[in-house]
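Each chain, letter by letter, is given below.
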Amino acid sequence: MSSDRVINSLRFNQDHGCFTCAMDDGFRLYNVEPLVEKLSLAHNEVGSVSQVEMLHRCNVVAVVGGGNKPKFAENTVLIWDDKLKKFVIELTFTQPVTAVRLRRNKIIVAVRSRIFVFRYPDNTSKLFEFDTRDNPRGLVEVSPSTDHQIMVFPAHKCGSLQIVDIATTEENISSSPVTLTAHQSEIACIAVNQQGTKLASASKKGTLIRIWDAQTKKMLHELRRGSDPATLYCITFSHDSSYLCASSDKGTIHIFALKDTSLNKRSTLRKVGFLGQYVESQWGLANFTVPPECACICAFGPNSSVIAICVDGTFHKYVFTPEGNCNREAYDVFLDVGDDTHF
C-alpha cells in the first residue's frame, strides 16, 4: 500500500450501514450496501487523521488528527458539518484523544485515564467526566438506544468494567458507575448491543468472550474464540442481539449464536464430565478468514451476512446459515471504489 493510502483506523457507524476510514491522506466515508464512497476529505483539507466517527448517517463527523502529517493536534476533537463544509466545534484536552463516540445529544471523548461527556449540539459543554484505569486503546462504547443510554469503559481494577447511565443532560449529575468484574487480566475489547441491554467483553488473552446483562450484571454466556491467545480487534452484536461476531489477529472472523445457543459448536468430549471448562465452552457456529495479522472490524449486514473491513483496504462479505455454513458473497478493495456524491 502506498504511503498516502496508509489506514490508521476503521470504524462502523451506529447502524453498521456505513464505515469510516482514517488515513494519512485524510479520511473517507463509505456506504456498505452497496459499497460506495460517500465522502472524502483530502490531506490538504484535514491533514493525516487518526480517528473518524460518524453520527448515524447525518452530516456530522468527528475527526481527530494523527498519523504522519497531521494538520490538527492529537489532543483535539473537531466536528465537521458536511452541509456547511466546515468544522463547527473544537474540543481540546490536556492528553491525546484515544477515542471519540457520538450520540445524537452527546459527544464522548476518551483520553488515557479519563472519559468526558459533553452536551451536544446546542450549547456544547461538558456534562461530566469519569476517571478510568490507564486506557491507551481508548476502550469506551455507548448504546445508540434512547431507552438505555449506557456507557461502558474500563474500571480502576484490572479486568473490571464501569457501566454508567448517561441519559441526564444536567451538568455534574449522573448515575454512579456500577463496577462489573469481567476478567482476571486486562480488558482488551468491549461492545454494547443496539438496545443497551447487553455487553460483551474480552481480555488481552483473547480466548474467551463473555456476554453480560447490562441491568443485572450477570454473565449470560461464555464463548470461546480459540485455545491460543490472540489480540481481539472487534466484537459486534447483530441488530437484534441474536448473534455476535468477533475478529482477531489470527485472521478468523468468528460468528456465535446468542439467542439459540444450541447452534454453537461444542466439544465432543463434554459428556465425559471431568475435563473442565474448556470442553464445556461454546465455540462459534461459523467462521471465515481474512488476511492474518491484518487488523479488521466486523459487523452484521442484512440477510444473515457479516462484513469485515481490513486495514489493507479489503472488503469481505460472507453469508452464514444456522447450520454453520459460511460462503463468500462479495470481495472488493474499498480504497479503489468510486465515489457517489449523494450522501
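Residues numbered from 1 in each chain as written. Predicted model: local features only at pLDDT ≥ 70, side-chain atom pairs only at ≥ 80, totals over all residues. Heavy atoms only, no water.

(A) Inspection of the overall build of the protein chain at higher detail. The secondary structure content of the protein chain amounts to 2 helices and 29 strands. The C-alpha atoms of the protein chain give a radius of gyration of 20 Å, which matches the 20 Å a tight globule of 343 residues would have. Dimensions of the protein chain, computed from the C-alpha atoms along their principal axes, are close to 65 × 45 × 30 Å. Put simply, the protein chain has 343 residues, and 55% of those count as buried. Considering only intrachain contacts with a sequence separation of at least 6, the fraction spanning at least 24 residues in the protein chain is 44%. (Helix = DSSP H or I, 4+ residues; strand = E, 2+ residues; numbered from the N terminus. Rg over C-alpha atoms; globule rule 2.2 N^0.38 Å. Buried < 20%, exposed > 50% of the residue type's maximum accessible area, 1.4 Å probe, protein only. Contact = heavy atoms within 4.5 Å.)

(B) A look at the environment of Ala257. With respect to the helices, strands and loops of the structure, Ala257 is situated in strand S23 (residues 252–257). Along the chain, Ala257 and Leu244 lie 13 residues apart, while their C-alpha atoms are 6.5 Å from each other.

(C) Up close: the side chain of Thr314. Note that Thr314 resides in strand S28 (residues 314–320). Reaching out from Thr314, the side chain makes a polar contact with the side chain of His316 at a distance of 2.9 Å. Ignoring anything within four residues of it in the chain, the contact list for Thr314 reads Ala308, Ile309, Tyr331, Asp332, Val333 and Phe334. (Polar contact = N/O pair within 3.5 Å; in protein donor to acceptor, adjacent residues only side chain to side chain.)

(D) Spotlight on the sheet that holds strand S5 (residues 47–54). The 4 strands are arranged S5-S6-S7-S8 in an open sheet whose pairing can be described as antiparallel. Each edge of the open sheet is held by one strand with a lone partner, namely S5 and strand S8 (86–92). For this sheet, the mean inter-axis angle between neighbouring strands, taken without regard to orientation, is 35 degrees. Bridging between S5 and strand S6 (residues 60–70) involves 6 bridges; their strand directions are antiparallel. (Pairing = 2+ DSSP bridges. Axes fitted to C-alpha atoms, helices over the stretch in contact; angles between N-to-C directions.)

(E) Region of the structure containing the packing of aromatic side chains. Enumeration over the complete set of coordinates arrives at 14 aromatic pairs. Look at Phe19 and Phe334: their rings are 5.2 Å apart centre to centre, the planes differ by 80 degrees, and that puts the pair in the edge-to-face class. Here the residue Phe19 occupies a position in strand S2 (residues 18–23), and Phe334 occupies one in the segment after strand S29 (326–333), the gap between them amounting to 315 residues. Pair check on accessibility: Phe19 and Phe334 agree, each one buried. Taking 5.6 Å as the distance between ring centres and 65 degrees as the angle between the ring planes, the aromatic pair formed by Phe128 and Phe130 counts as edge-to-face. Grouped by ring-pair contacts, the aromatic residues Phe12, Phe19, Tyr30 and Phe334 constitute a single cluster. (Phe/Tyr/Trp six-rings, centres within 6.5 Å; stacked < 30°, edge-to-face > 60°.)

(F) Spotlight on the sheet that holds S29. Taking strand neighbours across the sheet as the criterion, the 4 strands line up as S26-S27-S28-S29 in an open arrangement whose pairing is antiparallel. Every other strand in the sheet has two partners, leaving strand S26 (296–301) and S29 as the edge strands with one partner each. Neighbouring strand axes in the sheet, compared pairwise and without regard to direction, differ in orientation by 20 degrees on average. Across 5 bridges, the pairing between strand S27 (residues 305–310) and S28 is antiparallel. The residue of S28 that forms the bridge with Val306 is Tyr318.

(G) Structural detail: the pairing of strand S19 (residues 208–213). The buried count for S19 comes to 5 of 6 residues, which makes it a mostly enclosed element. Relative to S19, strand S18 (residues 198–203) runs antiparallel, the two being bridged by 5 bridges. Note that in S19 the partner of Lys198 across the bridge is Asp213. Count of turn residues in the S18/S19 antiparallel hairpin: 4 residues, of which Gly206 carries a positive phi of about 75 degrees. Relative to strand S20 (residues 219–224), S19 runs antiparallel, the two sharing 5 bridges. Bridged to Leu208 within S20 is Arg224.

(H) Inspection of the nonpolar core at higher detail. Judged by nonpolar contacts, the single largest core of 36 residues is most densely connected at Val306, Ile309 and Phe334. Elements supplying a minimum of two residues to this core: strand S1 (7–12), S2, strand S22 (243–248), S23, strand S25 (286–289), S26, S27 and S28. By size, the runner-up hydrophobic cluster in this structure holds 18 residues, among which are Ile89, Val100, Leu102 and Tyr120. (Core = buried A, V, L, I, M, F, W, Y, C linked by side-chain atoms within 4.5 Å.)

(I) Seen up close, the environment of Lys69. Among the structural elements, Lys69 can be located in strand S6. Here Lys69 falls in the exposed class, since its relative accessible area comes to 59%. Measuring from C-alpha to C-alpha, the distance between Lys69 and Asp25 comes to 8.6 Å, with 44 residues separating the pair along the chain. For Lys69, the residues in contact, after removing those within four places along its chain, are His43, Gly47 and Ser48.

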